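# Residue-level structure breakdown
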Amino acid sequence: MEPIRRQALVQATIAEIGAAGSLDVTVAQIARRAGVSSALAHHYFGGKDQIFLAAMRHILTAYGVPEPPAPGSRRSSMPISKSATSAPK
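Now for a look at the structure at hand. Just so we're clear, the structure is a prediction, and the values are computed from it rather than from any experiment.

## Details of helix α4 (residues 48–62)
Look at α4: 21 Å from first C-alpha to last across 15 residues, which is about the 21 Å you get at 1.5 Å a residue. Turning to α4, its buried residues are Ile51, Phe52, Ala54 and Ala55. For α4, the arc enclosing every buried residue in end-on projection is 160°, short of the 170-degree limit, so these residues lie on one face. Facing away from the buried side of α4 by more than 90 degrees, the exposed set consists of Asp49, Arg57 and Thr61. The inward-facing, buried residues of α4 contact α1 (2–20), α2 (27–34) and α3 (38–45). One or two residues past the end of α4 sits glycine 64, with phi positive at roughly 75°.

Here's what the structure looks like:
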């Protein structure tokens, strides 16, 4: 049941931020939209910042953006096209 509720909170976070048009939303609003208590939201995520991070990770994953490398690991080099590095004329 926990993964379902976590996912509901992430989806509710995205919906609440979209409805507000800003990050000015409360955990209570997010929890209400998800159909859970704000205490449960805090239990799962710890606070609003962590819920926002989970929502951002969900969005980035959905759009295929790779996760950043782990601290201390080497980054793989991504080819950059010449047009991306040259200044417009």
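Now, onward.
## A closer look at the packing of aromatic side chains
Overall, the coordinates contain zero aromatic pairs when judged by the stated rule. Sitting over the face of the ring of phenylalanine 45, arginine 6 holds its NZ or CZ atom 5.1 Å from the ring centroid.

## Topic: the nonpolar core
Within the largest apolar cluster, 17 residues are counted, with the highest numbers of intra-cluster contacts made by Leu9, Ile30, Val36, Ala41, Phe45 and Ile51. Taken together, the elements giving at least two residues each to this core come down to α1, α2, α3 and α4. The contacts of isoleucine 30, once residues within four sequence positions are left out, are Leu9, Ala12, Thr13, Glu16, Val25, Ile51 and Phe52.

## A few points about the environment of valine 10
Among the structural elements, valine 10 can be located in helix α1. Leaving out residues up to four positions away in the same chain, valine 10 has contacts with Phe45, Ala54, Ala55 and His58.

## Thoughts on the environment of glycine 47
Summarising the element assignment, glycine 47 is placed in the loop between α3 and α4. Residue glycine 47 is classed as buried on the basis of its relative accessible area, which comes to 10%. Glycine 47 sits 21 residues away from threonine 26 along the chain, and the two C-alpha atoms are 9.9 Å apart.

Scoring rules and cut-offs
Residues numbered from 1 in each chain as written. Predicted model: local features only at pLDDT ≥ 70, side-chain atom pairs only at ≥ 80, totals over all residues. Heavy atoms only, no water. Helix = DSSP H or I, 4+ residues; strand = E, 2+ residues; numbered from the N terminus. Expected span 1.5 Å × (residues − 1). Buried < 20%, exposed > 50% of the residue type's maximum accessible area, 1.4 Å probe, protein only. Arc of directions from axis to C-beta. Contact = heavy atoms within 4.5 Å. Phe/Tyr/Trp six-rings, centres within 6.5 Å; stacked < 30°, edge-to-face > 60°. Lys NZ or Arg CZ within 6 Å of the ring centre and 35° of its normal. Core = buried A, V, L, I, M, F, W, Y, C linked by side-chain atoms within 4.5 Å.

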